[in-house]
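Chain and residue survey
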Amino acid sequence: MPKGQILFYEDFTPKDVPPPGLPAGWTSIETPGAKGHWIVYEIQGSYFLYCQETELWSLEYDPVKMEYALTPPITLPTDELYGVNFLWIAQSIGILDKGAYDFKVGITEDDGATWDILWLASNKEEVEQSGVVFPWANWSRNSSTVSLQAYQGKQLRSALSIN
């Protein structure tokens, strides 16, 4: 995918985020009984979005109960190809071996009423097409890019979820 201009960038620095919330313009959609909640988290001076969930790794985890973190609305121009690039860390054993949860990147054009799932951490083909070797090393830092060509000219929001 050719490199185009950046339409939206979020580095999750604390100056933009009232702890423990989401950055300005971001929203969350919570399913009934959601146990995982998105917050900005810091480790050794790096800030990132984190699904705060102590029960996520337990036997009590219910995959139907999750929360989506949505970016502010973005309108994609029609003159260039765009994609969503995201840095991520996930436990491959939990996703691939145990099937305990999955990490998703989706798009909504109607503020969350409907979703197109663009990328799943459990999907070998999608992970490899996004630029990451599958399976990835446990808790390794990864950078993935997914095409948004199908959404040119549309207003959308990117969404992250763990379920």
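Remember, predicted model here, so these are calculated numbers, not experimental data.

**What about unusual backbone geometry?**
The peptide bond linking Phe134 to Pro135 adopts the cis configuration, its omega dihedral lying at -5°. Of note, Pro135 is situated in the loop between α2 (124-129) and β9 (141-147). Of note in the backbone geometry, Asp111 takes a positive phi value of approximately 55° without being a glycine. With respect to the helices and strands, the residue Asp111 is situated in the loop between β7 (103-108) and β8 (116-120). Within the chain, Trp139 stands out as a residue other than glycine whose phi angle is a positive 60°. When you line up the elements, Trp139 lands in the loop between α2 and β9. Residue classification places Trp139 among the partly exposed residues on the basis of a relative accessible area of 47%.

**Looking at the side chain of Asp102**
When you line up the elements, Asp102 lands in the loop between α1 (92-97) and β7. A polar contact is formed between the side chain of Asp102 and the backbone nitrogen of Ala121, at a distance of 3.3 Å. Side-chain polar atoms of Asp102 contact the side chain of Ser122, separated by 2.4 Å.

**What to know about the nonpolar core**
One finds Leu49, Trp88, Phe103, Trp119 and Trp136 to be the most contacted residues of the largest nonpolar core, which totals 30 residues. When contributions to this core are tallied by element, the ones reaching two or more residues are β2 (37-43), β6 (83-89), β7, β8 and β10 (155-162).

What counts as what
- Residues numbered from 1 in each chain as written.
- Predicted model: local features only at pLDDT ≥ 70, side-chain atom pairs only at ≥ 80, totals over all residues.
- Heavy atoms only, no water.
- Helix = DSSP H or I, 4+ residues; strand = E, 2+ residues; numbered from the N terminus.
- Buried < 20%, exposed > 50% of the residue type's maximum accessible area, 1.4 Å probe, protein only.
- Polar contact = N/O pair within 3.5 Å; in protein donor to acceptor, adjacent residues only side chain to side chain.
- Core = buried A, V, L, I, M, F, W, Y, C linked by side-chain atoms within 4.5 Å.

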